[in-house]
Amino acid sequence: MITKNNEYDVVVIGSGAAGQAAALTAKENGNSVLMIEKGRHTGGSANYSEGLFAVGSYLQKEKGINVSASSVLKEEVEYSKYKADSRIWKKYLDSSAENVKWLHDEGVEYEGVQAMGAGEATWHIYKGFGDAVIHKVLQPKFEKIGGELLTSVSAINLKTNYDGSKEVTIKDEATGDIQTIKSKVVILAAGGYLNNAEMMAKETDYDLSRLIPVSSGKGTGDGLRLGWSVGGQKAGTGMAMLFGGYLKDPDQPSFKMMESQMNVAAGQQPLLWVNENGERFVDESVIYNFSFAGNALYSQNKVYSILDSSIIKEMAENGNFMGLGVYVKRGQKMDKLQTEIDEAVAQNKPYIFKADTIEELAEKMNLPKDKLKATIDQYNSFVEKGKDEDFGKDSKYLRSVVKAPFYGFKLNIGAFCTMGGLKVTPENELEDQNGDPIKGVYATGNDAAGLAGDTYGPNMPGTCAGYAFYSGRNAAQNAQKYLK
Ligand SMILES: Cc1cc2nc3c(=O)[nH]c(=O)nc-3n(C[C@H](O)[C@H](O)[C@H](O)COP(=O)(O)OP(=O)(O)OC[C@H]3O[C@@H](n4cnc5c(N)ncnc54)[C@H](O)[C@@H]3O)c2cc1C
């Protein structure tokens, strides 16, 4: 037998943000709880997350930050073109401050609250990334109070019975052993399908050759598949949380975040971008919403960013325009940038091109020479005039491209996770094809639909991890009512 028992009150599938919050809450409510994790390590993509969303939290109040819940609700639902569910957002917003406090009371420490890009200060940064939240706080507490956790064990099948019980078939990934266990409640928290190429091709329109999944690598769509197999309604597929330009290093596993200053200088700045024809195509300050930037990059077949030596020096001395989360902070002095660039050139990395003239750069990047030269001449004339006559970029981001050597970077598009797949009620209970709840089966975190349209909303940073913690707790609290 893989498990200690054959029957549980609650089985939680997945041990990321949503799974851990669900399992601990269900255990604190006095249930027998089994949390299973298919990987050897727990935490999923939540390990890499930096902070969670809230409005009206004690941390925001301490700092005098006032972001109104009603304005966030309006913005998020409009941003999703009303594809998000206002009821789900309202409940999430109303619980968000308490969510931050609950984590704090359990033992999570915060570094502070901050904004991202052009957004609001809703991002509650925890100390030690999500890894510390999970491995120093939630999981030890769950185990201490008697919760059962199994790693390297996958849920491979789910069945609902007429008497209301559920059967979960699990597989020990090390031994291949299979076991079917009974549970009154099942909480799906398996983290979406970003790492399942077949599902991504079927459920989304993204060009997968340009999409770089930067995540745990374990979001293989199992939660969605299990939920659909018991009649759960499909909803909200088709979107991934894109994040602007990203360099693809073939010598590194794609799931490993490229934390270099070079990656941030190349892919996250409101500087010059050109497409495969050597033409500008957008106001590059779109990067202040990194998900919009991902969409903009997809609108062209290929995209390159171009930096001259002056801007590299400026960013080293004065700091970047835009960071990448807390990995490379906004305004951070890019003191390692030139060294990282030199190393990448010396190693002949395929994403970087160096040249002494624009013509030579065009040749190396296989772009039309005359066109690239004309684009850069025109861009430089906009800088002189202090006016972007093509796309209206704010003049504070205009910098001449004049000083050799010049560098070109081939940009791909990073993605952190998918969001959606299973239609849920505001209680996070699965809905069947008629919209009726499938009693006792819940979907949470990245498996649940209702939070987003086709594009993530980074203007309110932290909503994805915040929702994962919140929805895990919400599911467990509502499961308690169901169990009673
Ligand atoms: C680098 C990075 C930075 C991020 N930063 C932020 C941030 O600062 N703020 C924010 O809001 N969001 C952020 N995100 C997104 C955030 O991490 C996710 O929204 C969040 O982790 C989702 O939680 P989850 O529990 O749904 O999934 P996950 O945390 O991915 O957990 C899912 C778990 O389920 C397991 N699993 C899958 N299938 C099975 C199965 N069949 N049986 C058992 N277990 C299974 C997986 O192995 C995994 O451990 C970031 C993501 C990345 C990758």
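For the structure itself, look to the data block above.
Computed from a predicted structure; not experimentally measured.

Chemist: Mind showing me how you'd approach the overall build of the chain here?
Modeler: The helix and strand inventory of the chain stands at 14 helices and 19 strands. The globule rule puts the C-alpha radius of gyration for 484 residues at 23 Å, and the 24 Å found for the chain is close to it. If one aligns the C-alpha atoms of the chain with their principal axes, the spans along those axes are about 75 × 50 × 40 Å. The 484 residues of the chain split such that 60% are buried. Sequence-distant contacts, at least 24 apart, represent 72% of the contacts inside the chain between residues at least 6 apart. Of the roughly 19,200 Å² that the chain leaves accessible, carbon and sulfur atoms contribute 47%. The distance from the centre of the 54 positive side-chain charges to the centre of the 62 negative ones in the chain is 3 Å.

Chemist: Help me understand the site of the ligand in this model?
Modeler: Around the ligand, a shell composed of 37 residues is seen, among which Glu-37, Gly-51, Asp-222, Cys-464 and Ala-465 lie nearest. Within the backbone of Ala-17, a nitrogen or oxygen atom sits 3.2 Å from an oxygen atom of the ligand. The fraction of the free accessible surface of the ligand (1,000 Å²) that becomes covered by protein chains is 98%. At the level of secondary structure, the elements contributing two or more residues to the shell around the ligand comprise helix H1 (17–28), strand S7 (153–160) and helix H14 (463–483). With 4 residues, the single largest contributor to the shell around the ligand is H14.

Chemist: How should the packing of H1 against H14 be read in this particular structure?
Modeler: Any two packed helices are characterised by how steeply their axes cross, that is the angle between the axes, and by the distance between the axes. H14 packs onto H1 with a crossing angle of 35° between their chain directions and a minimal axis gap of 7 Å. The element H1 and its partner H14 pack so that their crossing is right-handed. On H14, the residues touching Ala-17, Ala-18, Ala-21, Ala-22, Thr-25 and Ala-26 of H1 are Ala-468, Phe-469, Gly-472, Arg-473, Ala-476 and Gln-477. Here the residues of the contact of H1 with H14 are counted per class, giving 8 nonpolar, 3 polar and 1 charged.

Chemist: Mind showing me how you'd approach unusual backbone geometry here?
Modeler: The amide bond that connects Ala-404 to the next residue, Pro-405, takes the cis arrangement and shows omega of -5°. Tracing the backbone shows Pro-405 in the loop between helix H13 (369–385) and strand S16 (406–418). For Asn-348, which is not a glycine, the phi torsion comes out positive at approximately 55°. With respect to the element layout, Asn-348 can be found in the loop between helix H11 (337–346) and strand S15 (352–355). The phi dihedral of Asn-366 is positive, around 60°, even though this residue is not glycine. Along the chain, the position of Asn-366 falls in the loop between helix H12 (358–365) and H13. Judged by its relative accessible area of 69%, Asn-366 is exposed.

Chemist: Is there a simple way to think about the nonpolar core in this case?
Modeler: One broad trend across soluble globular proteins is that nonpolar side chains are buried collectively. Trp-273 and Phe-409 are the most contacted members of the largest nonpolar core, which has 103 residues in total. Among the elements that take part in this core, S16 stands out by supplying 6 residues, more than any other. Sequence-distant contacts of Phe-409, defined by excluding residues within four places in its chain, comprise Leu-247, Met-262, Ala-266, Val-303, Tyr-304, Ser-305, Leu-307, Ile-341, Tyr-351 and Ile-352. With 38 residues, the next largest nonpolar core counts Val-12, Val-108, Leu-138 and Phe-469 among its residues.

Chemist: What's the story with the packing of aromatic side chains in this structure? I'm lost.
Modeler: For any two aromatic rings, the description comes down to two numbers: the centre-to-centre distance and the angle of the planes. This model, assessed by the stated rule, comprises 16 aromatic pairs. Where Tyr-79 meets Phe-292, the ring centres are 5.2 Å apart and the plane angle is 10°; that geometry is what we call stacked. Here Tyr-79, found in helix H3 (residues 69–79), pairs with Phe-292, found in helix H9 (residues 290–298); they are 213 residues apart in sequence, far enough to count as distant. For Phe-292, a relative accessible area of 40% gives the class partly exposed. Ring geometry for Trp-89 versus Tyr-92: centroids 5.3 Å apart, planes at 35°, classification tilted. In this pair, Trp-89 and Tyr-92 are both assigned in helix H4 (residues 86–106), 3 residues apart and thus about one turn of the helix distant. You'll find Trp-89 and Tyr-92 in the same group, each marked buried. Among the aromatic side chains, those forming a connected cluster through ring pairs are Phe-53, Trp-89, Tyr-92, Tyr-467 and Tyr-470. One cation-aromatic arrangement involves Lys-234 over Trp-228; the distance from NZ or CZ to the ring centre is 4.8 Å.

Chemist: What exactly am I supposed to notice about H14 here?
Modeler: Because the α-helix completes a turn every 3.6 residues, residues three or four places apart line up on one side. Counted at 1.5 Å a residue, the expected span for H14 with its 21 residues is 30 Å, and the 29 Å between its end C-alpha atoms agrees. For H14, the buried fraction is high: 17 of the 21 residues fall into the buried class.

Chemist: Whenever I open this one, the environment of Tyr-442 confuses me. Can you help?
Modeler: By the secondary structure assignment, Tyr-442 is in strand S19 (residues 437–443). The class of Tyr-442 is buried, set by a relative accessible area of 1%. With 13 residues separating them along the chain, Tyr-442 and Glu-429 place their C-alpha atoms 4.2 Å apart. Once residues within four sequence positions are removed from consideration, Tyr-442 is found in contact with Val-185, Val-186, Ile-187, Leu-188, Glu-427, Asn-428, Glu-429, Leu-430, Ala-475, Asn-478, Ala-479 and Tyr-482.

Chemist: Sorry if this is basic, but what is going on with the sheet that holds strand S5 (residues 123–126) here?
Modeler: Read from one edge to the other, the open sheet built from 3 strands follows the order S3-S5-S4, with strand pairing classed as antiparallel. Of all strands in the sheet, those bounded by a partner on one side alone are strand S3 (51–53) and strand S4 (110–114). In this sheet, neighbouring strand axes are inclined to one another by 25° on average, regardless of whether the strands run parallel or antiparallel. As paired strands, S3 and S5 are joined by 3 bridges and run antiparallel to one another.

Cut-offs used in this document
Residues numbered from 1 in each chain as written. Predicted model: local features only at pLDDT ≥ 70, side-chain atom pairs only at ≥ 80, totals over all residues. Heavy atoms only, no water. Helix = DSSP H or I, 4+ residues; strand = E, 2+ residues; numbered from the N terminus. Rg over C-alpha atoms; globule rule 2.2 N^0.38 Å. Buried < 20%, exposed > 50% of the residue type's maximum accessible area, 1.4 Å probe, protein only. Contact = heavy atoms within 4.5 Å. Areas by Shrake-Rupley, 256 points an atom, 1.4 Å probe, with all protein chains shown as cover. Lys, Arg positive; Asp, Glu negative; His and termini not counted. Charge placed at Lys NZ, Arg CZ, Asp CG, Glu CD. Near = heavy atom within 4 Å. Polar contact = N/O pair within 3.5 Å; in protein donor to acceptor, adjacent residues only side chain to side chain. Axes fitted to C-alpha atoms, helices over the stretch in contact; angles between N-to-C directions. Left-handed = near helix turned anticlockwise from the far one by under 90°. Nonpolar A, V, L, I, M, F, W, Y, C, P; charged D, E, K, R; others polar. Core = buried A, V, L, I, M, F, W, Y, C linked by side-chain atoms within 4.5 Å. Phe/Tyr/Trp six-rings, centres within 6.5 Å; stacked < 30°, edge-to-face > 60°. Lys NZ or Arg CZ within 6 Å of the ring centre and 35° of its normal. Expected span 1.5 Å × (residues − 1). Pairing = 2+ DSSP bridges.

Everything listed here is a matter of coordinates, which is why it stays silent on function.
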